[in-house]
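Chain by chain, the residues:
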Amino acid sequence: MKSKRVDKALIIRKAYQLFREKGYSHTSMADIGQACGLLKGSIYYYFPSKEELMRQVLISDHEYMKSKVYALAYVDHLPYKERLNQVLEALESCFFDAPGGCLMANIGLESAQVVPGFTQVIRVFFEDWIAAFSHIFQSRYDQAEARSMAEQAVQEIEGAIMLSVLFQDNRFFLSTSQKVLSYLK
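Residues numbered from 1 in each chain as written. Predicted model: local features only at pLDDT ≥ 70, side-chain atom pairs only at ≥ 80, totals over all residues. Heavy atoms only, no water.

1. Section: the pattern of salt bridges
Note the threshold: In the sections that follow, a salt bridge refers to a side-chain nitrogen of Lys or Arg positioned within 4 Å of a carboxyl oxygen of Asp or Glu. Buried means the residue's accessible area, taken with a 1.4 Å probe over protein chains only, is under 20% of the maximum for its type, while exposed means over 50%, and partly exposed covers the values in between.
Going through the model one piece at a time under the given rule, you end up with seven salt bridges. Its salt-bridge partner being lysine 22, residue aspartate 31 comes within 2.7 Å of it at the nearest N-O pair. On the basis of relative accessibility, which here comes to 21%, the residue aspartate 31 falls in the partly exposed class. Look at lysine 22 and you get partly exposed, because its relative accessible area is 36%. Notably, a salt bridge pairs aspartate 169 with arginine 171, separated by 2.8 Å at the nearest N-O pair. For aspartate 169, a relative accessible area of 26% corresponds to the partly exposed category. If you follow the salt bridges from partner to partner, you end up with Glu127, Arg147 and Glu151 in one network.

Right, dumping it as structure tokens:
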């Protein structure tokens, strides 16, 4: 295979797709190289290890979610129900427009005990998600209640994502989204 010059962003995007579909342990550097049109060894020019590449993928995913999804919760000039609905719709698009579901949950379950370097990035991802929901729920509830409801909502949504992926049926996610929206009635 003829190698070509690519940038880190392309490698992160391709690695994200592979890690999301195949998981961390079932994705090789050769797989990532092939997806990028590079020889396996060329990836090491950009990232010193598979672990560091995965860490950068997690960071990139988190940054995307913060700026494109969680940020919707803080558009305070919109009604709180509309903000929550927009966040839920954005989550649906993120988790179901491509195979694999939620990368953070998948990698967290697969590798949290094996690769502790991923744990902090994944925890911050979920903490920001909880904070975004909590911000919306504070429109109707006190801070402690809003936080509790936000934690519950994230747990329910992650479970729904897992079931939706397993059964290849988004109805689990959609019904859970409706339930989360009902928290604001």
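More follows now that the structure is in view.
2. Topic: the nonpolar core
Rule in force here: Buried Ala, Val, Leu, Ile, Met, Phe, Trp, Tyr and Cys residues that are joined via side-chain atoms within 4.5 Å together make up what is termed a nonpolar core. For this analysis, residues touch if any pair of their heavy atoms sits within 4.5 Å.
Grouped together as the largest cluster of nonpolar side chains are 59 residues, with contacts concentrated most on Ile11, Ile32, Leu53, Leu91, Trp129, Phe133 and Phe137. Once residues lying within four places of it in the same chain are set aside, the contact partners of isoleucine 11 are Val6, Ile32, Cys36, Leu38, Ile43, Tyr46, Phe47 and Leu53.

3. Overview of helix H8 (residues 143-167)
Our working rule: Segments assigned H or I by DSSP are reported as helices when at least four residues long, segments assigned E as strands when at least two residues long, and all are numbered from the N terminus. The span expected for a helix works out to 1.5 Å for each residue beyond the first. As used in this structure description, the phrase polar contact means that two N or O atoms lie within 3.5 Å; if the pair is within protein, one of them must be able to donate a hydrogen and the other to accept it, and residues adjacent in sequence are counted only when both atoms belong to side chains.
Spanning 25 residues, H8 covers 36 Å between terminal C-alpha atoms, matching the ideal 36 Å at 1.5 Å per step. When we look at burial in H8, the residues that qualify are Ala146, Met149, Ala150, Ala153, Val154, Glu156, Ile157, Glu158, Ala160, Ile161 and Ser164. Its buried side turned inward, H8 meets helix H5 (80-96), helix H6 (103-111), helix H7 (119-137) and helix H9 (171-182). Of the residues flanking the start of H8, the one acting as N-cap is aspartate 142, its side-chain oxygen 3.0 Å from the backbone nitrogen of alanine 144.

4. Focus on H5
Here H5 contains 17 residues, and its C-alpha end-to-end distance of 24 Å stays within 8% of the 24 Å for a straight helix at 1.5 Å per residue. At its buried positions, H5 is contacted by helix H1 (8-22), helix H4 (50-68), H7, H8 and H9.

5. Some details on the environment of glutamine 34
Structurally, glutamine 34 can be placed in helix H2 (residues 29-36). Taking the C-alpha atoms as reference points, glutamine 34 and lysine 14, separated by 20 residues in sequence, lie 9.6 Å from one another.

6. Brief notes about the packing of aromatic side chains
Two aromatic rings are characterised by how far apart their centres lie and by the angle between their planes. The cut-off we apply is this: Two aromatic rings from Phe, Tyr or Trp, using only the six-membered ring of Trp, form a pair when their centres are within 6.5 Å; if the ring planes differ by under 30 degrees the pair is stacked, by over 60 it is edge-to-face, and anything between is tilted.
Taken as a whole and judged by the stated rule, the model has 14 aromatic pairs. Taken together, a centroid distance of 5.9 Å and an interplanar angle of 15° make the contact between phenylalanine 126 and tryptophan 129 stacked. Taken together, the residues span about one helical turn, with phenylalanine 126 and tryptophan 129 both in helix H7 at a distance of three residues. Per residue, the accessibility class of phenylalanine 126 equals that of tryptophan 129, and both read buried. Put simply, the rings of Tyr70, Phe95, Phe125, Phe126, Trp129, Phe133, Phe137 and Tyr183 pair up and form one aromatic cluster.

7. Considerations on the packing of H1 against H2
Rules: Axis definition: a line fitted to C-alpha atoms, limited for helices to the stretch in contact. Angles are taken between N-to-C directions and run from 0 to 180 degrees. In what follows, roughly perpendicular refers to angles from 65 to 115 degrees, roughly parallel to angles under 35, roughly antiparallel to angles over 145, and oblique to any angle outside these ranges. Definitions for this section: a left-handed crossing has its near helix turned counterclockwise from the far helix by less than a right angle. A right-handed crossing has that turn clockwise. Gly counts as polar in this scheme, as do all residues outside two lists: the nonpolar Ala, Val, Leu, Ile, Met, Phe, Trp, Tyr, Cys and Pro, and the charged Asp, Glu, Lys and Arg.
Axis separation between H1 and H2 bottoms out at 9 Å; the angle between their running directions is 125°. On the basis of the axis angle, H1 is oblique to H2. Relative to H2, the crossing made by H1 is right-handed. Of the residues in H2, those in contact with Leu10, Ile11, Lys14, Ala15, Leu18, Phe19 and Lys22 of H1 are Asp31, Ile32, Ala35 and Cys36. The residue inventory of the contact of H1 with H2, partitioned by class, reads eight nonpolar, no polar and three charged.

8. Description of unusual backbone geometry
Although it is not a glycine, glutamine 168 sits at a positive phi angle of roughly 50°. For glutamine 168, the location among the structural elements is in the loop between H8 and H9. Owing to a relative accessible area of 75%, glutamine 168 belongs among the exposed residues under this scheme.

9. Describing the packing of H6 against H7
In contact at an axis separation of 10 Å, H6 and H7 are set at 140° when each is read in the N-to-C sense. The angle between the axes of H6 and H7 places the two elements in the oblique class. Once H6 is placed against H7, the crossing between them reads as left-handed. For the pair H6 and H7, the contacting residues are Met104, Ala105, Ile107 and Gly108 in the first and Ile122, Phe125 and Phe126 in the second. A breakdown of the residues in the contact of H6 with H7 according to their chemical character gives six nonpolar, one polar and no charged.

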